[in-house]
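What follows is each chain in one-letter form.
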Amino acid sequence: MHAAASPVERFRQLRGAGIAWPRYTTEVVIALSALIAVWAAIQYSQSFMTGLIVGSLYALSAVGLTLIYSIARTPHFAHGDTMMMAAYFTFFALTGVVIGSKGDVVSPIRIDRLPGATDQIWRFSFGYGFLLACVVSAILSIPVLLLINRFIYRPLLGRGSGSAIIAVASLGVAIALRGLILLIWGATPRKYSTGIRDTVQVWKLPRVVADQYFILVVALVLTILVSWLLFRTKLGTSMRAMADNPDLARASGIVAADVTRWTWIIAGVLITAAGTLLALQSQLSADLGFVLLLPIFAAAIFGGVGSPQGAFLGGLIIGVVSEVTVATGLFSPGYKIAVAMVALILVILFRPSGLMGPK
Amino acid sequence: MTDVAPILSARDIVSGYGPVQILKGVSVEVLPGEIVTIIGPNGAGKSTLLKAIFGLLPVTEGHVSLHGVDITRLSTENLVRAGIGFVPQTNNVFSSLTIRENLLMGGFIRDEGLQDRFDWVVSLFPDLGSRLSEKTGKLSGGQRQMVAIGRALMLEPKILLLDEPSASLSPKMSEMVFEKVREINGLGTAALMVEQDAQRALAISHRGYVLAAGENRYEGPASDLLGSDDVRRLYLGA
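All of the points below concern the structure found in this document. (Residues numbered from 1 in each chain as written. Chains lettered and ligands numbered in written order. Predicted model: local features only at pLDDT ≥ 70, side-chain atom pairs only at ≥ 80, totals over all residues. Heavy atoms only, no water.)

The subject of this paragraph is helix α4 (residues 79–95) of chain A. All names here are of chain A. Compared with an ideal rise of 1.5 Å per residue, which puts 17 residues at 24 Å, α4 spans 24 Å between its outermost C-alpha atoms and is within 8% of the ideal. Across the 17 residues that make up α4, a large majority, 16, are buried. Two residues or fewer past α4, Gly96 is found with a positive phi of approximately 70 degrees. (Helix = DSSP H or I, 4+ residues; strand = E, 2+ residues; numbered from the N terminus. Expected span 1.5 Å × (residues − 1). Buried < 20%, exposed > 50% of the residue type's maximum accessible area, 1.4 Å probe, protein only.)

Shown next, in the form of structure tokens:
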């Protein structure tokens, strides 16, 4: 007598272990998804646009996260908090403000005092001082990240600690960083600039705040640069080699510590950009990075861990799905991330390596 | 032994995995231009010896020297720079990288002559030449082994360490791999090879060592080992 197959077994069969999918299934699913995306873009253009902007922030964060995980072998749960650290560094470089015992204390050395530093570029809310502050923030953030790697992650990895231990250690780093941010800048949310934000309409696209175009373009440009670096340079190839097979990379003369260091430096640039743009889009708040950790991880997994293009695409999809499903009125805004998570679960059930991960 | 100075000399090597001692004082030598094969039953410590020489396992006692220079404590990365090429038994290619990228990674630390060496390696493996843009993860076992050997040759190593190059290959592909090893040796690269297919490996080798339970059991010219009744009965399945 045959026992009936359990739902789990039937699902395994459905996944392809026992049943061959009809020909062109993948193509049909992609075509349907594309049609739904086009329909959503037309029908809910404003939400679609907002989703792209929110998604580009997830994307930029996820690209850094996926590099750290796949090359430096670190499940970096402090990613959101390091982003906020960088965002506050930008704030400090720009305004010189830290919290004192009787209110804010302002450093005499501050970029916004430079001539014309706050004069708005095009219709953005910021001037060249903000961009200069971003550079200073990266210069401050990268050594902090390298120190965290050198004194926390590297010793643990050297001892052969598993992912769970390193993940817990990174949670410790996250909590410590958040505490430091609160200590230095306080719990009151802050902004880079307090002026009115201009909106623009490009071609027939929905009208959005000019800064949001800046966010979208920076996310796209940085992802292209990272992809170019990974796939077109010697350093990038050695980084991919390390991600693929660390022992063989060593047997080829690649010094693992050097590659890991470069990975953290590149991730530091991405972390600075992601954190600062996130704060530009909303505000500076110590716990904002941690709140967004879930969609950032989701974006990296959605796209395929180790693939920067996948992480970028995953971020955009998570952002758009979250916003558009709420706009349809089927779900209340509180469920927007839940809908994105369901989409993620469906993708990884049928394609565990993500959209653009290794087959 | 002859008076020729060995390229590689491993003396009284003690090594293993953590507290488990696998090698209990093994010694091997490779002279210039030689192919030397190490055979022995499973668990004899053959692969462990290659890993210890290549710095992948700690050498707790004994010394390894390359051209008379002590390299016992050098890191794997520095052993590569010193002139040792290593082809692991498994996971011996970067499967997500193309054939071209695999070969270029083999020459990662090369300052000059990279393109010339790349062309030379490709000419050695003409089958790979037309597929340079393919990912190695999609190649057959034999083709992957060719990429792995090609990668190790990119730095013009003084000696090539090969860990069971014919493992999991069809007899035809094994034959091809051994033929390539012989060809590479004929071009001037010495080789120290660990192999389960002892008959074929010894057939292309100059000398051989037989290990058992982490110790040297026999050594001598490959033809003598092939002709030895003891070795044939115990280790060659005759």
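All right, on to the interface of chain A and chain B then. Each partner contributes to the interface: chain A provides 16 residues, whereas chain B provides 23 residues. When the two sides are added together, the surface that chain A and chain B hide from each other amounts to roughly 1,700 Å², 59% of it contributed by carbon and sulfur. Linking chain A to chain B there are two salt bridges. A salt bridge links B:Glu77 to A:Arg250; its shortest N-O distance comes to 3.8 Å. For the side of chain A that touches chain B, the secondary structure elements donating two or more residues are α8 (234–244) and α9 (246–251) of chain A. Per element, the largest residue contribution to the side of chain A that touches chain B is six residues, and it comes from α8(A). By residue class, the composition of the side of chain A that touches chain B is seven nonpolar, five polar and four charged. (Contact = heavy atoms within 4.5 Å. Buried area = accessible area lost by both parts, 1.4 Å probe. Salt bridge = Lys/Arg side-chain N within 4 Å of Asp/Glu carboxyl O. Nonpolar A, V, L, I, M, F, W, Y, C, P; charged D, E, K, R; others polar.)

To continue, consider the environment of A:Leu67. Relative to the elements of secondary structure, A:Leu67 occurs in helix α3 (residues 45–70). It is 9.0 Å that separates the C-alpha atoms of A:Leu67 and A:Met239, two residues lying 172 residues apart in sequence.

Next up on the list: the environment of A:Arg351. Residue and element names in this part refer to chain A. Position of Arg351 among the secondary structure elements: in the segment after α14 (336–350). A relative accessible area of 26% means that Arg351 is categorised as partly exposed. In this structure the C-alpha to C-alpha distance between Arg351 and Gly304, which are 47 residues apart in sequence, comes to 9.3 Å.

The next point concerns the pattern of salt bridges. Under the counting rule described, the total for this entry stands at 17 salt bridges over all chains. Where A:Asp258 meets A:Arg261, a salt bridge forms, and the shortest distance between an N and an O atom there is 3.0 Å. Here the residue A:Asp258 and the residue A:Arg261 both occupy positions in helix α10 (residues 256–281), the gap between them amounting to three residues, near one helical turn. Classification of A:Arg261 as partly exposed rests on a relative accessible area of 37%. What emerges from the salt-bridge pattern is a single network uniting B:Glu175, B:Asp197 and B:Arg200.

Let us look at the sheet that holds strand β8 (residues 190–194) of chain B. Within a sheet, adjacent strands bond to each other through the backbone by hydrogen bonds, running parallel or antiparallel. All names here are of chain B. What the six strands build is an open sheet, ordered β6-β7-β8-β3-β9-β10; its pairing is mixed. In this open sheet, the two edge strands, each paired with only one partner strand, are β6 (84–87) and β10 (215–221). When the angles between neighbouring strand axes are averaged without regard to direction, this sheet yields 15 degrees. In this structure, strand β3 (residues 35–39) lies alongside strand β9 (residues 207–212), joined through four bridges in parallel fashion. Looking at the pairing, Ile39 lines up with Val210 of β9. Across the sheet, helix α7 (residues 171–186) is in contact with β3, β7 (159–163) and β8; its angle to β3 comes to roughly 140 degrees. (Pairing = 2+ DSSP bridges. Axes fitted to C-alpha atoms, helices over the stretch in contact; angles between N-to-C directions.)

Residues and elements named next belong to chain B. Here Ser27 shows up in strand β2 (residues 20–30). On the accessibility criterion, Ser27 (13% relative accessible area) is buried. In terms of polar contacts, Ser27 uses its side chain to reach the backbone amide nitrogen of Asp12, at 2.8 Å. Those residues in contact with Ser27 that lie beyond four places of it in its chain are Ala10, Arg11, Asp12, Tyr209 and Asn216. (Polar contact = N/O pair within 3.5 Å; in protein donor to acceptor, adjacent residues only side chain to side chain.)

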